[in-house]
Structures are given as C-alpha cells and as structure tokens.
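Notes for the structure review
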Amino acid sequence: MSQNFPFENLFIFDMANNHMGDMDHAEKIIREVACVTKAAGVRGALKFQFRQLDTFIHPDYQSRTDIKFIKRFSETRLEMEQFGKLAKMVRDHGLLTMSTPFDEASVDVIVGMNLDLIKIASCSADDRPLIDKVARVNKPVVVSTAGLRLEEIDWLVNHLESQRVDFSLMHCVALYPTPDDKLQLDQVRQLKERYRSLTVGWSTHEDQDNTSAIQMAYALGARMFERHVGVPTDDYKLNAYSSTPEQLEKWFAAFDHARDMMGSAERAPAPAAERATLRDLKRGSFASRAIKKGQEISAKDVFFAMPCQEGQLVSGDFRPGMIADRDYAVNDALEPTVSAANNDENTIYQIMLQVRGMLNTAGIAINEDANIEISHQYGLNRFREFGAVLITCVNREYAKKLVIQLPRQKHPYHYHKRKEETFQLLHGDVEIVKDGDRYRLSPGDTLLVAPGEWHKFHTLEGCIFEEISSTAYANDSFYDDPAVANMPREARKTKVDHWMTYFRGQGER
C-alpha cells in the first residue's frame, strides 16, 4: 500500500523519562532540541511516552521499588495535563508531536491531544490488543522491531496493511546502550528489500559520540532516525544512550555528510572533468590500412591505441560492419561519424539492455523458453515514444506475459476479439485507459480487460506488469489508428532471443 505521511528524513527525538518528572526540565529539553533541529534544517518530532500508571501497573505492584521500571516510571511521573502543555510547546517550537502509548487508554489520550504521530515500541510490536487500538485511530504510525523474529515482522506488516494503516518500520536493537558489534545495521537493508513499499528507519541506542553508524545506516537505506534526547544538569545525569544537544549537532552533520557522499538516487551523467579523465585513459580507433569511403570496416581494418583524441571513435564504440564516412589513410583516427551497418540492431541491443536492467531492479526472473517480442507500432526509431517489450512466459489455454515499458512510453488504443486479460502491476507506474475511463495502478493493483474493450496504457517512470489471460493469438490485436491497423504484424513486431542467447550472440559480433 502507498504511504501518505512523509516519513522520509524524519528525525524522532525520544524524551522518554528524561524529563525526570520535572516540567521545567522537560521544557528545557524541548527548547534546546528544537534549537539545534532548526539550525540543522531537519524535520523533527519530539516524542513522549504515555502510560496510565494507575492501570498500567498491577494494583499489587503499585508501590514496589524493587522492580526497576516500576520504580523509574513512578518516580518520573507526569500527569497527562502536563504532557498537554508540553505538546503545545513542542508545536510552538516547530516540531511535530508524537508519543509511544503502552496501553489502550494512552491511545485515547494521544487522540484527545491530537498528536501528529504514534510510535509502537519494540516491546509492544506483538501486543495485538494495543496494535488493533492504534490501527483504529487513523494516525501515521512508526513501529520498532527489536527482538522480533522475521515471521513476526511479516505478521505485523501484513496486519497493519490489512487495516490500511499508514506506517513505517524502524530497525532497532533493545540493548541500552548498544555495543557497536551488536548494531546489526545490515537489518536495515534486509527490511528495505523485504518491504519495498515502506520507509525503513533506525532507532538507535549506541554510543552517542558514534557518528559513523548513522552514515552506514543511511547508506544501507535508512531514511528515518530516532534517538533518545536529554540535557544533563547538576541535578540530573544523562544516561549513556541519550544525546545531548551538542551530540545531536554532530549527528546531524554526519547525516548531511552521508547524503553528500551517497549522491543522487539515480545515476546521472558523469561530470565533464570525470569524462575528460576517462577519455585520456581510453584507446582510440585507428585505421590499420587504407579504407575507402562507403567501405564496410572489418576488425582487420582497425587497431586500438592511446591517446584517444578529441572527436575520435573510442574502441568501445567500434563495431565490425560500420561504414566509412570518408577515406582513411593508415594510422588515421576514425571519427564517430562512421555509421553502424545496422542501426536497428544497435537500437534493439540498447532496448534489451534497459529492459533486462529493469527486470533485475525489480527482482524478476523469466524462464529460458520465454518468447520475447519488441512491439513498435510506429517503427523502431519511435520505440521510446510508442511500444512495449512483451515476454510470453506461458501460452496454453491460459497465458502469462510480462509487459515492460520504458519511461515515458505509450501503447496505443487496441482491443482483442478472443482474449480476456487481467493486468497486475508489479513494478513502477502505469495508467490504463479502458473505453475512455482512466485507471492509475499502484504495484499489486489489477485491472480486467474483457474482449472487445478498447484499451491503451502509458507510464511515466517505466513499468513492468503481468498479463494473465486466456490463450493469446497472433492475429487478435485490432488497433484504432489505421496506420497501425493496416500494418502487417511482422512490421510492428521484432522477435528477440532469450537473454543468454541474445547477449552471447552480441558478444560474438
């Protein structure tokens, strides 16, 4: 399911019991945390912890001081009215408000105070009565996962998704403080891979002077972070797993440095300086014997050597069968204007590379006996505008295809007389127009197209969707555009071998 709340790049500051039951001290923490947060230019949420102690603690244990957490909770108690005043102060200082409820009554308090977010602590992540209560209040939720088995996280994710909760996950280790060798940061990557639609964060309890850990977590995919915060004074000492405002400043700086080092999410063209350096190290293509204009150039006609000159064909771009654009003498540098003997073949090669990359990114493998076709209703030269790659995995009384579109591609209006098909989006985005009605699919969504229904589709960022249908017939696609409708099928389809066969053949060229 899609997320509505912007969890990414949210910093959560857990006051926990560091207020020490002292309103003045709590206000001091809020002021100082808000100040460093504003200076760093990050989006922060100040988090409380709510327990209705009169009912949360069993009556027979209310006055016990020999049980660690009962003693701590009782000694640092604040009333809910006091928390309400602190919540107003948090908002006034530009932070989001958030709380961890440890009982159902505290969820009602959160709703009554209209706090922005709810946190489910690791110790409550399998507390089904509490989780169900949280799920019913329609607020964004952050869930920590310390100590959970993988199947328990699977249950939690499935349960919250089935309740249509807008939520994210936090990797967490419930050791206070957490030694470096127990941080288990690779769990961030594993959670990202397993729950791709969710923002994954990291709730930290390590040495608060450790700034490399957040950089590693960010590199592994963490996009939300939580730390305990407090302010040490003469009266109140701060525990080893809580950050001072000064430590937060260094933490934010490490985060910014990590983002700078990671760079963009998409691979951008190399800077001019990098390209120049690489060109200086490349080999150029040179004529090993005289070549006449219009001659087909074979591998025996060229040799490769450095330096690669400006405006020269590099060795990696040479293909046997290129046609000479002018006369070349021995040792002349070939120019990039030599033309490929078969431009269509190069276009197909580039399409195949991009499609295989998309399938790899989506983690989708195909069977070796699958049939692959490039569908290009207006020719290969316009494929990146109109078309799709069709991979037929099975075609019996039932059929399964994968339909892959590159970014910004469209597929024109058509219908089938015999085939009923259901589309299910696996990766990316797609909008399908069926008999004039628009359907924008998210991953997992399905759409039925009955025989005789006109349909077309397009994508912005690229898509892979599955087509499950009755038997597919080669002569069962009827197009609205006469220019396509009157075209022989073989003129708008190019059959391609399976990956291994195709790319092996390209390597032998």
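Residues numbered from 1 in each chain as written. Predicted model: local features only at pLDDT ≥ 70, side-chain atom pairs only at ≥ 80, totals over all residues. Heavy atoms only, no water.

A word on the packing of helix α1 (residues 23-40) against helix α10 (residues 245-262)
Rules: The axes used here are C-alpha line fits, helices contributing only the stretch in contact, and every angle between their N-to-C directions lies in the interval 0 to 180 degrees. By the criteria applied, helices consist of DSSP H or I runs no shorter than four residues and strands consist of E runs no shorter than two, each listed in order from the N terminus. The scheme is simple: roughly parallel for angles under 35 degrees, roughly antiparallel for over 145, roughly perpendicular for 65 to 115, oblique for anything else. Note: crossing handedness is left-handed where the near helix turns anticlockwise from the far helix by less than a right angle, and right-handed where it turns clockwise. What makes two residues a contact is simply this: any of their non-hydrogen atoms within 4.5 Å.
At a closest axis distance of 9 Å, the pairing of α1 and α10 adopts a crossing angle of 20 degrees. Relative to α10, the element α1 lies roughly parallel. Crossing of α1 against α10: the hand is right-handed. Of the residues in α10, those touching α1 at Glu-32, Val-33, Val-36, Thr-37 and Ala-40 are Pro-245, Leu-248, Glu-249 and Phe-252.

Here we look at the sheet that holds strand β24 (residues 478-479)
Defined as follows: Note on pairing: DSSP must find at least two bridges between two strands before they are called paired.
One open sheet holds the 5 strands; their spatial order is β20-β19-β22-β17-β24, and the pairing between them is antiparallel. Either end of the sheet is taken by a strand with one partner, and the two such strands are β20 (437-441) and β24. One ladder, built from 3 bridges, connects strand β17 (residues 410-415) with strand β22 (residues 455-458); its direction is antiparallel. When the sheet's bridge partners are listed, His-414 is paired in β22 with His-455.

Quick notes on the layout of surface pockets
Quick reminder of the rule: Space inside and on the surface of the protein is sampled on a 1 Å grid over the protein atoms alone, with a cavity defined as a set of points where a 1.4 Å probe fits but cannot get out and a pocket as an open set with protein on both sides within 12 Å along at least 5 of 7 lines; lining residues have an atom within 4 Å of a point. Grid points are joined across faces, edges and corners, and a volume is the space filled by probe spheres set on the points. For this classification, Asp, Glu, Lys and Arg are treated as charged, while Ala, Val, Leu, Ile, Met, Phe, Trp, Tyr, Cys and Pro are nonpolar and the rest, including Gly, are polar.
For the second largest pocket, the calculated volume is near 780 Å³. Of all the secondary structure elements, the ones that give two or more residues to the lining of the second largest pocket are β2 (43-50), α3 (68-75) and β8 (224-229). Among the elements that take part in the lining of the second largest pocket, α3 stands out by supplying 4 residues, more than any other. Partitioned by chemical class, the residues of the lining of the second largest pocket number 15 nonpolar, 13 polar and 8 charged.

Side note on helix α12 (residues 343-362)
Worth spelling out the cut-off: Expected span of a helix, by definition, is 1.5 Å for each gap between consecutive residues, and there is one gap fewer than residues. Remark: exposure states derive from per-residue accessible area (1.4 Å probe, protein chains only) relative to the maximum for the residue type, with buried under 20%, exposed over 50%, and partly exposed in between. For this quantity, the arc is that covered by the directions from the helix axis to the C-beta atoms.
The end-to-end C-alpha separation of α12 is 29 Å, in line with the 28 Å expected for 20 residues at 1.5 Å each. If you check which residues of α12 are buried, you get Ile-348, Ile-351, Met-352, Val-355, Met-358, Leu-359 and Ala-362. What you see down the axis of α12 is that its buried residues fit within an arc of 130 degrees, all on one side. In α12, those exposed residues whose orientation departs by more than 90 degrees from the buried face are Asn-360 and Thr-361. Gly-363 sits one or two residues past α12 and shows a positive phi near 70 degrees.

With respect to the state of the cysteines
Filter applied, for reference: The criterion for a disulfide is a pair of cysteine sulfur atoms lying within 2.5 Å.
Counting across every chain of the model gives 0 disulfides. No disulfide involves Cys-463; its sulfur sits 15 Å from that of Cys-393, the nearest cysteine.

Digging into helix α9 (residues 212-219)
When α9 is considered as a whole, its buried residues turn out to be Ala-213, Ile-214, Ala-217 and Tyr-218. Projected onto a plane normal to the axis of α9, the buried residues spread over an arc of 135 degrees and lie on a single side. The inward-facing, buried residues of α9 contact β1 (10-14), α8 (186-194), β7 (200-203), β8 and α10. Immediately beyond the C-terminal end of α9, within one or two residues, lies Gly-221, with a positive phi of roughly 120 degrees.

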